[in-house]
Amino acid sequence: MDACCICREPLGAPIYESSRPISITSLCQVLEGYTRVWHCAGCGHTQTAPLPALEIYYAEEYQMLTACEEEDQFYVVRDGNNIFRTEHQVATLLNKLVVPEDAQVLDYGCAKAATLKALCGQRADLTPHVFDVSERYRSFWNAFMPEAQQAIDQVPDAWTGRFDLVTSFFALEHVADPRAMVAAVHQLLRESGWFYFLVPNLFANTADLVVADHVNHFSKASLTRLLGDAGFTACEIDAEVHNSAWVITAQKGKPSSTALPTESLVGPLTKMADYWRAFGKRVRDFESAHEGASAIYGSGFYGTFISTCLEQPERVRCFLDQNPHRQKQRLLERPIVAPETLPEEVCSIYIGLNPRVAREEIAAVKDLYSRECDFFYP
Ligand SMILES: [Zn+2]
């Protein structure tokens, strides 16, 4: 990695390198190779070098709604009802943006395009379009639009300047050249059209720094720079409405003089990198202080990361997870079970949750908290 992919300034030394040649993806696959992360002090962007093993991973294994991704589909419990991610994303979009009557809408890097499908379910006047680099989602698209509104690999010339709205849900973090993608979206929009997208916010979920397949880790500053350079104006970057994500609303028009945030992120990023550098040793210190069987609470990224840090992973009997979808599955050859079925022999538990919420969440799991176990908190 020699240049920043947002401002193109040269990059110095990485701020983080994994201690072993093991990397973990957002779908909890364990891949060979070091995770290396750079921070650009100039524009506030943070980026990860793509792993050589990632190409094979995308071609052969990357399937939405497998492994960890399914768990992500569950968003939050509100007033006793389960809210799912797609539902939340549609509600947020319609809340933040007035989508014009009969609008032409494109979901860019769409995978199954579940959010667009749900949006069209509420707004029959919209004309949906999709673009992705893979054939494998074709059957999902066919369920709600004709083939002429689908594009794979390349967008037809006729689509230039067509769209009132281009959406993108968790795609830009995977892209090696975000400038090219944002420029492409800009071309597809009509004058004053809207680009609405979501990307992870690593300041709300520190694990994003060490996720191997997230090339881009955006800050408010690097998003503002990226959009401004491409000719977007009236940018709003919201960190509140979606857990651990930035929600961005940008309009095509004369670039405005939106002031770039100038606060340095070197301090917070260095602190985050230090946290992950020390993480493995903290796990192993806890491990060597406890004998016998253990379990890992959380079968997502944090739980997987903990498991790869252990000297004796064979002592882990199971993963614990409250999500019923996950309880039927296995992770790293271990069963995933409900917390109340924790085996009696387990006397130490590693908590694999976002450190911002870990203690609060565990305190609410009564079956666990009342057990005489020692807990490792991330
Ligand atoms: Zn930069």
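Everything discussed here concerns the structure shown above.
Residues numbered from 1 in each chain as written. Predicted model: local features only at pLDDT ≥ 70, side-chain atom pairs only at ≥ 80, totals over all residues. Heavy atoms only, no water.

Peer 1: Would you mind going over the overall build of the chain with me for this structure?
Peer 2: Helix and strand counts for the chain come out as 11 helices and 21 strands. Here the C-alpha radius of gyration of the chain, 22 Å, is about what a compact globule of 378 residues would show, namely 21 Å. Viewed in the frame of its principal axes, the chain has a C-alpha envelope of about 65 × 45 × 40 Å. Once local pairs closer than 6 in sequence are excluded, the contacts in the chain between residues at least 24 apart make up 65%. For the chain, the accessible surface area stands at approximately 17200 Å², while carbon and sulfur atoms represent 50% of it. Considering the chain, the positive charge centre built from 33 side chains and the negative charge centre built from 49 side chains are found 2 Å apart. (Helix = DSSP H or I, 4+ residues; strand = E, 2+ residues; numbered from the N terminus. Rg over C-alpha atoms; globule rule 2.2 N^0.38 Å. Contact = heavy atoms within 4.5 Å. Areas by Shrake-Rupley, 256 points an atom, 1.4 Å probe, with all protein chains shown as cover. Lys, Arg positive; Asp, Glu negative; His and termini not counted. Charge placed at Lys NZ, Arg CZ, Asp CG, Glu CD.)

Peer 1: In this structure, what is going on with the packing of aromatic side chains? I would like to understand it.
Peer 2: Ring pairs (aromatic) are described by centroid distance and by the angle formed between their planes. Applying the stated rule across the entire model yields 19 aromatic pairs. Ring centres of Y275 and W276 lie 5.1 Å apart, and the angle between their planes is 90°; on these two criteria the pair is classed as edge-to-face. Classification of W276 as buried rests on a relative accessible area of 2%. An aromatic cluster of at least three residues, connected via ring pairs, comprises Y275, W276, F279, F286, F301, Y302, F305, Y350 and F376. (Phe/Tyr/Trp six-rings, centres within 6.5 Å; stacked < 30°, edge-to-face > 60°. Buried < 20%, exposed > 50% of the residue type's maximum accessible area, 1.4 Å probe, protein only.)

Peer 1: Just to check I follow, could you spell out the sheet that holds strand 14 (residues 232-238) for this structure?
Peer 2: By way of backbone hydrogen bonds, the strands of a sheet pair with one another, either parallel or antiparallel. Across the sheet, which stays open at both edges, the seven strands sit in the order 10-9-8-11-12-15-14 with mixed pairing between neighbours. In this open sheet, the two strands that pair with only one neighbour each are strand 10 (150-152) and strand 14. Strand-to-strand twist of the sheet, defined as the mean angle between neighbouring strand axes without regard to direction, takes the value 15°. Strand contacts of helix 4 (residues 114-122): strand 8 (104-108), strand 9 (127-132) and strand 11 (163-169), with the helix running at about 180° to strand 9, the strand carrying the most contacts. Sheet strands touched by helix 7 (residues 220-230): strand 12 (189-200), strand 14 and strand 15 (245-252). Its angle to strand 14, the strand with the most contacts, is close to 160°. (Pairing = 2+ DSSP bridges. Axes fitted to C-alpha atoms, helices over the stretch in contact; angles between N-to-C directions.)

Peer 1: How do you make sense of the packing of helix 8 (residues 266-288) against helix 9 (residues 301-309) when you look at a structure like this?
Peer 2: Geometry of a packed helix pair, given as the angle between the helix axes and the separation of the axes. Axis separation between helix 8 and helix 9 bottoms out at 9 Å; the angle between their running directions is 65°. Considering only the axes of helix 8 and helix 9, their crossing is right-handed. Packed against helix 8, whose contacting residues are W276, F279, G280, V283 and R284, the element helix 9 presents Y302, F305, I306 and C309 at the interface. (Left-handed = near helix turned anticlockwise from the far one by under 90°.)

Peer 1: Which parts of the structure should I look at to understand unusual backbone geometry?
Peer 2: With the exception of glycine, the majority of residues adopt a negative phi angle, and the majority of peptide bonds are in the trans configuration. In this structure, R8 takes a positive phi of about 65° despite not being glycine. Following the sequence through the fold, R8 ends up in the segment before strand 1 (16-17). A positive phi is found at S244, a non-glycine position, where the angle reads about 55°.

Peer 1: I would appreciate a short explanation of the coordination of the zinc ion in the present structure.
Peer 2: Six octahedral donors around a metal ideally make angles of 90 or 180 degrees; four tetrahedral donors ideally make 109.5 degrees. Those donors, C4 (SG), C7 (SG), C40 (SG) and C43 (SG), are the protein atoms that reach the zinc ion, and they lie 2.3 Å from it. In this structure, the zinc ion is surrounded by four donor atoms whose angles at the metal cover 101 to 114°, and the resulting shape is tetrahedral. Taken in sequence order, the residues that donate to the zinc ion follow the motif C-x2-C-x32-C-x2-C. According to the relative accessible area criterion, C4 is buried, its value standing at 2%. (Donors = N, O, S within 2.8 Å, 3.2 Å for Na, K, Ca; no water. Tetrahedral: all angles 85-135°; square planar, octahedral: opposite > 155°, others 65-115°.)

Peer 1: So what exactly am I meant to see when it comes to the environment of A295 here?
Peer 2: Looking at where A295 falls in the secondary structure, it is placed in strand 16 (residues 294-297). Remark: the alpha-carbon pair of A295 and R317, spanning 22 residues in sequence, is separated by 5.6 Å.

Peer 1: How should I be thinking about the environment of E9 in this particular structure?
Peer 2: Within the secondary structure, E9 is located in the segment before strand 1. Separated by 31 residues in sequence, E9 and C40 place their C-alpha atoms 7.9 Å apart. Once residues within four sequence positions are removed from consideration, E9 is found in contact with D2, A3 and C4.

Peer 1: Any chance you could explain the environment of I15 here in plain terms?
Peer 2: Within the fold, I15 resides in the segment before strand 1. Those residues in contact with I15 that sit more than four places away from it in its chain are V37, W38, H39, L209, L269, A273 and R277.

Peer 1: What is the right way to look at the sheet that holds strand 17 (residues 316-320) in this model?
Peer 2: Strand order across the open sheet formed by six strands is 18-19-17-16-20-21, with mixed pairing between neighbours. Edge positions in the sheet fall to strand 18 (330-331) and strand 21 (374-376), since each of these pairs with one other strand and no more. Both strand 18 and strand 19 (residues 334-337) contribute to a ladder of two bridges, which runs antiparallel. When the bridges of strand 19 are listed, L331 appears paired with R334.

Peer 1: Would you explain the pairing of strand 12 in this entry?
Peer 2: Successive residues of a regular strand alternate their side chains across the two faces of the sheet. The pairing of strand 11 with strand 12 spans six bridges and is classified as parallel. Bridge pairing in strand 12 links L165 to W194. Once you follow strand 11 into helix 6 (residues 178-188) and on to strand 12, the crossover reads as right-handed. In terms of strand pairing, strand 12 meets strand 15 through seven bridges, oriented antiparallel. Paired with P200 across the bridge in strand 15 is A245. (Right-handed = clockwise from strand over helix to strand, strands pointing away.)

Peer 1: Which parts of the structure should I look at to understand the side chain of N216?
Peer 2: By secondary structure assignment, the location of N216 is in strand 13 (residues 216-217). Overall, the relative accessible area of 1% leaves N216 in the buried class. A polar contact is formed between the side chain of N216 and the side chain of H45, at a distance of 2.9 Å. Ignoring sequence-local partners within four residues, the contact set of N216 consists of C5, H45, T46, L172, E173, V175, P178 and D208. (Polar contact = N/O pair within 3.5 Å; in protein donor to acceptor, adjacent residues only side chain to side chain.)

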